[in-house]
Amino acid sequence: MVVGVVAVGALGALAAVLFGGGGDDETAGPPSLSSTAEPEGGSGILDPEPIGSAEPLPEPAPEPSQPTAPSEPPTVEPTEAPQTQEPAPDPGGPDIPGNGRTVTVGPGVQVLVPVGWEVAGQGESDVAVSSGDGSFGYVLTGVDDPSTDAASVITQNLSGLLPADNYTQLDTGDVRPLEPFGSLVSVAVMDYTSLWVDAQAPIPLAGQVYAAVRSDGVVVLMTVEHTPPEDFEATVGDWGQLVDGTLGLLGGS
């Protein structure tokens, strides 16, 4: 079991059931983006005009023309150098000096992608990120009643967020309330350890689930994980930026 380290110190996988709703379970992870089929193309071939079989009549010889004075060579005006095209803007969000950049999902929720992290997958309401060094994050957004308790958001969505088919040997701690701040009215966290299993080798990991409810009903459910699990607390300075930055932006701090 992970000791109760909490990333929200400076501030005080896909859920099948979105914040208490019903539905069939789905496998966690970033949704696959559908590929766009290439349009079918075709080219018409223009046939040449038919050539007649009759022999052409001889043309009369042209009469000699009087020589004319050579004309002045045309003056070629120099053309201006083409304008250099400015590079296209980065489709991502604005840079946050020293922290990284943001991506926007769901109802305008900004997710902080720390320096050195990459977006592993993104859907309309969720995004998965990776540090490339054993840390992973997943953020799911939605809208609920502002009076919803963040602890209940975790318990009601846990089986969809950490599905048993992938998160085997799951050991969870108690759901603990955290002090809300800014426009957040409820925040909670839960520790867990698990053995991630897929088609490749199983991966032991440790992680935390965070939930936050804002005064306008916007809800964020987030997981942060690290492998090997014994290094989870030691790497809080890395994955903690994702938690602190995202919840800070959500609460307006």
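Everything here concerns the structure above.
Note that this is a predicted model, so its numbers are computed, not measured.

K.L.:
Help me out: how do you make sense of the pattern of salt bridges in this one?
P.N.:
A pair can form between side chains of opposite charge whenever their charged atoms are brought close. Evaluated as defined, the whole model comprises two salt bridges. The shortest N-O distance in the salt bridge between Arg176 and Asp191 comes to 3.0 Å. You can see Arg176 sitting in strand β8 (residues 176-178) and its partner Asp191 sitting in strand β9 (residues 184-196), a full 15 residues away along the chain. Residue class for Arg176 comes out partly exposed when judged on its relative accessible area of 24%. Salt-bridge contacts for Arg214 lead to Asp216; the nearest nitrogen and oxygen are separated by 2.9 Å. For Arg214, a relative accessible area of 16% translates into the label buried.

K.L.:
How should the pairing of strand β10 (residues 203-214) be read in this particular structure?
P.N.:
Every other side chain in a regular strand lies on the same face of the sheet, so the side chains alternate between the two faces. Burial analysis of β10 places 10 of its 12 residues in the buried class, the great majority of the element. Note: β9 against β10, 12 bridges, orientation antiparallel. Counterpart to Tyr192 in the pairing with β10 is Gly207. With eight bridges connecting them, β10 and strand β11 (residues 218-226) associate as antiparallel partners.

K.L.:
Looking at this structure, how should I read the pairing of strand β6 (residues 135-143)?
P.N.:
Taken across its nine residues, β6 has seven buried, putting it largely inside the fold. Strand direction decides the pairing type here: strand β5 (residues 126-130) and β6, joined by five bridges, are antiparallel. Its bridge partner lying in β6, Val129 is registered against Gly137. Where β5 folds back onto β6 in an antiparallel hairpin, the turn is made up of four residues, including Gly132, whose phi is positive at roughly 80 degrees. Across nine bridges, the pairing between β6 and β11 is antiparallel. Of the residues in β11, the one forming a bridge with Val139 is Met222.

K.L.:
Is there a simple way to think about the environment of Val113 in this case?
P.N.:
Note on placement: Val113 falls in strand β3 (residues 109-114). Look at Val113 and you get buried, because its relative accessible area is 2%. For the pair Val113 and Ala128, spaced 15 residues apart in sequence, the C-alpha to C-alpha distance is 9.8 Å.

K.L.:
I would appreciate a short explanation of helix α2 (residues 236-251) in the present structure.
P.N.:
In an α-helix, one full turn covers 3.6 residues, which means residues spaced three or four apart are oriented alike. Inspection of α2 places Trp239, Gly240, Leu242, Val243, Asp244, Gly245, Thr246, Leu247, Gly248, Leu250 and Gly251 among the buried residues, and these make up the whole buried set. One or two residues past the end of α2 sits Gly252, with phi positive at roughly 80 degrees.

K.L.:
Help me out: how do you make sense of the packing of aromatic side chains in this one?
P.N.:
In this description, an aromatic ring pair is defined by two values, namely the gap between the centres and the angle between the planes. Throughout the structure, instances matching the rule amount to three aromatic pairs. Their ring planes at 80 degrees and their centres at 6.3 Å tell us that Tyr167 and Tyr192 sit as a pair that is edge-to-face. Within this pair, whereas Tyr167 is found in strand β7 (residues 167-172), its partner Tyr192 is found in strand β9, the two being separated by 25 residues in sequence. Per residue, the accessibility class of Tyr167 equals that of Tyr192, and both read buried. Between the aromatic rings of Tyr167 and Trp196, the centroid separation amounts to 5.1 Å while the plane-to-plane angle is 75 degrees, which identifies the pairing as edge-to-face. In this pair, Tyr167 sits in strand β7 while Trp196 sits in strand β9, placing the two residues 29 residues apart along the sequence. Like Trp196, Tyr167 is buried. Among the aromatic residues, those joined into a cluster by ring pairs are Tyr167, Tyr192 and Trp196.

The rules behind the values
- Residues numbered from 1 in each chain as written.
- Predicted model: local features only at pLDDT ≥ 70, side-chain atom pairs only at ≥ 80, totals over all residues.
- Heavy atoms only, no water.
- Salt bridge = Lys/Arg side-chain N within 4 Å of Asp/Glu carboxyl O.
- Helix = DSSP H or I, 4+ residues; strand = E, 2+ residues; numbered from the N terminus.
- Buried < 20%, exposed > 50% of the residue type's maximum accessible area, 1.4 Å probe, protein only.
- Pairing = 2+ DSSP bridges.
- Phe/Tyr/Trp six-rings, centres within 6.5 Å; stacked < 30°, edge-to-face > 60°.

From the geometry alone we can't say anything about function, so treat these as descriptive.
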